[in-house]
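Letter by letter, the chains look like this.
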Amino acid sequence: DNNLVHRDLKPGNIMKYIADDGNTIYKLTDFGAARELHEDQQFMSLYGTEEYLHPDMYERAVLRKPHGKTFGATVDLWSIGVTLYHVATGNLPFRPFGGRRNKETMFHITTKKASGVIAGIQTTENGPIEWSRDLPKNCRLSYGIKKIVTPLLAGLLEVDRQRMWSFDRFFSQVTDILSRKAFHVFNMHTMQSIVVYLHPDDKFHVFRTAIQEQTDVSPLTQVILLGESPFTTFIEETTPARGYPLSRITIDNPLILYSKDNNNVLPPVYPISDTSSSTNTHVETSLSTTTDKPKSYAGIETPIIFPTFGNIVSVDNDASQAKLACSVGHSCKRTIDRLATSSRLSQEAVNNFIGLLISQLTKLVQKVEKIRELTKAQEKMTLAIEHYEFFAKQTFTKLSAEKRINSPSGSTEVSQEFEVKELKGELQAKSKQLYGEIAPAVSQLYQRYVKDELLKGEWDASTRHLACPWKSKVSQKAATLVVRLRDGWQHLLRDRATRTLTYNDEQFHVLERIK
């Protein structure tokens, strides 16, 4: 809007500002390389940080290859793409083996990648490039946000001038992303939380399809509850997402998903690849397993790498290891928080389902009683009709005999008599089915699941021997331990600043390492 090209966009030039009302605002800084430029204008001067440079600028600024190309304001879009990828994953998207010193390979990766590729990594010297069109598995973004962010990254990291995005398209895409609302859903069968991002105009079938993508539960078998009520009691099939009760759907109070075809609760367990090659670390896992491979529980990758301190006191190395320990501690806490939340939501999901079952069975019992009353009334009415028909027939016959005339409507009498008998037979069959099959079955279900609380008892019996992370307050305990880790790190940082430790200071230093 201000017709400026920044030319040095990167995470280091973005400042996080927390306003007085608690809102987070991100501000762009360091306009030393910026200049006024309209989108259709070009420039030739070179500025920027090489990992975030557009390939055309990289070729000239880093490789020192002369060419007659000029650059437009859209080079900032490439830098935005690299920055967003870096923020989302913690790594740069294009990484040659050896880093900055391997400049030719870096240029090869950025210029030879296919359209739609958002990352290229070389893991060995002169080795092949591993291309990727998706964000890596270790990216902490949810599947729902990955789905809408990945196309944005693919457009920003486009090197072909014919396919490069304009700022108008970039702003349009960002506006579309920001307009989407997050709907939190807890899958009871896998004890996993998912997030679905809906456009305000999306209908319920889009929501169901998005859920299927993340859970494999087909729309026809999905049962979605908000509290103890089906979600469809709050919305219609054609209600747009802007009309959903979003204020009632939060990360702490999500929609609960069940499947009609599945009554099992089985959190998935996946193998975790060991990405650490450090020689001064050891592996620990909190999950007992019969195999040597570490596992993740409920789809949550359990942090298993924790740093160890060397035998010799080193203020520099110890401070670095303490910082790494804090990072691992925070990662562990995030996992613990998610597991604790899953345990809480699973219990709430069971309670909500039992509440719905009790409500439905109570209504069903009331309907059966109402039908029973209507059936009795119908039986009385049918009996009255029979008596009336018999009396009318006798009266008509007597009158006809006295007047010695034949009745012209004899066939009608036979037809009416047949209809009454047929109605009576059908009513008797329905009554037999109601009193002999339906009513006893409903009464039995009501007795088992409402009065005897059988379902609740079965759940309590099956989970009684399991430790509940939520009830044992593991999140609060983890928070306390993380604070202790941070305090220890700060102590070791102060020791590093001191450089030389007295004997007493060194003993306290060793104590902090042990803690």
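Residues numbered from 1 in each chain as written. Predicted model: local features only at pLDDT ≥ 70, side-chain atom pairs only at ≥ 80, totals over all residues. Heavy atoms only, no water.

1. Observations regarding the sheet that holds strand β8 (residues 119-122)
Reading across the sheet, the 3 strands line up as β7-β8-β9 and stay open at both edges, with mixed pairing between neighbours. The outermost strands of the open sheet, each flanked by one partner alone, are β7 (94-95) and β9 (129-132). One ladder, built from 2 bridges, connects β7 with β8; its direction is parallel. Pairing of phenylalanine 94 across the sheet is with glycine 120, part of β8. (Pairing = 2+ DSSP bridges. Helix = DSSP H or I, 4+ residues; strand = E, 2+ residues; numbered from the N terminus.)

2. Digging into the packing of helix α10 (residues 474-498) against helix α11 (residues 503-514)
Where α10 meets α11, the closest approach of the two axes is 10 Å, and the angle between their N-to-C directions is 145°. The crossing of α10 and α11 is left-handed. Contacts between α10 and α11 involve Gly488, His491, Leu492 and Asp495 from the former and Phe508, His509 and Glu512 from the latter. Residue composition of the contact of α10 with α11, by class: 2 nonpolar, 3 polar and 2 charged. (Axes fitted to C-alpha atoms, helices over the stretch in contact; angles between N-to-C directions. Left-handed = near helix turned anticlockwise from the far one by under 90°. Contact = heavy atoms within 4.5 Å. Nonpolar A, V, L, I, M, F, W, Y, C, P; charged D, E, K, R; others polar.)

3. Some words on the packing of aromatic side chains
This model, assessed by the stated rule, comprises 11 aromatic pairs. Here the aromatic rings of phenylalanine 231 and tyrosine 244 are separated by 5.5 Å at their centres, their planes lie at 85°, and the arrangement is edge-to-face. Here phenylalanine 231 is found in the loop between β13 (229-230) and β14 (255-259), whereas its partner tyrosine 244 is found in the loop between β13 and β14, with 13 residues between them in sequence. In this pair, the class of phenylalanine 231 matches that of tyrosine 244, namely buried. Each member of the aromatic cluster is reached from another via a ring pair, and the members are Phe183, Phe204, Phe207, Phe231 and Tyr244. Sitting over the ring of tyrosine 17, lysine 27 keeps its end group 4.5 Å from the ring centre. Against the face of tryptophan 470 rests arginine 344, its NZ or CZ located 5.0 Å from the ring centre. (Phe/Tyr/Trp six-rings, centres within 6.5 Å; stacked < 30°, edge-to-face > 60°. Buried < 20%, exposed > 50% of the residue type's maximum accessible area, 1.4 Å probe, protein only. Lys NZ or Arg CZ within 6 Å of the ring centre and 35° of its normal.)

4. Observations regarding the side chain of glutamine 122
Following the sequence through the fold, glutamine 122 ends up in strand β8. Overall, the relative accessible area of 7% leaves glutamine 122 in the buried class. Within the structure, glutamine 122 has its side chain in polar contact with the backbone nitrogen of phenylalanine 97 (distance 3.0 Å). A distance of 2.9 Å separates a polar atom in the side chain of glutamine 122 from the backbone oxygen of glycine 127. Those residues in contact with glutamine 122 that lie beyond four places of it in its chain are Arg95, Pro96, Phe97, Asn102, Thr105, Gly127, Pro128 and Ile129. (Polar contact = N/O pair within 3.5 Å; in protein donor to acceptor, adjacent residues only side chain to side chain.)

In short, geometric facts, not functional conclusions.
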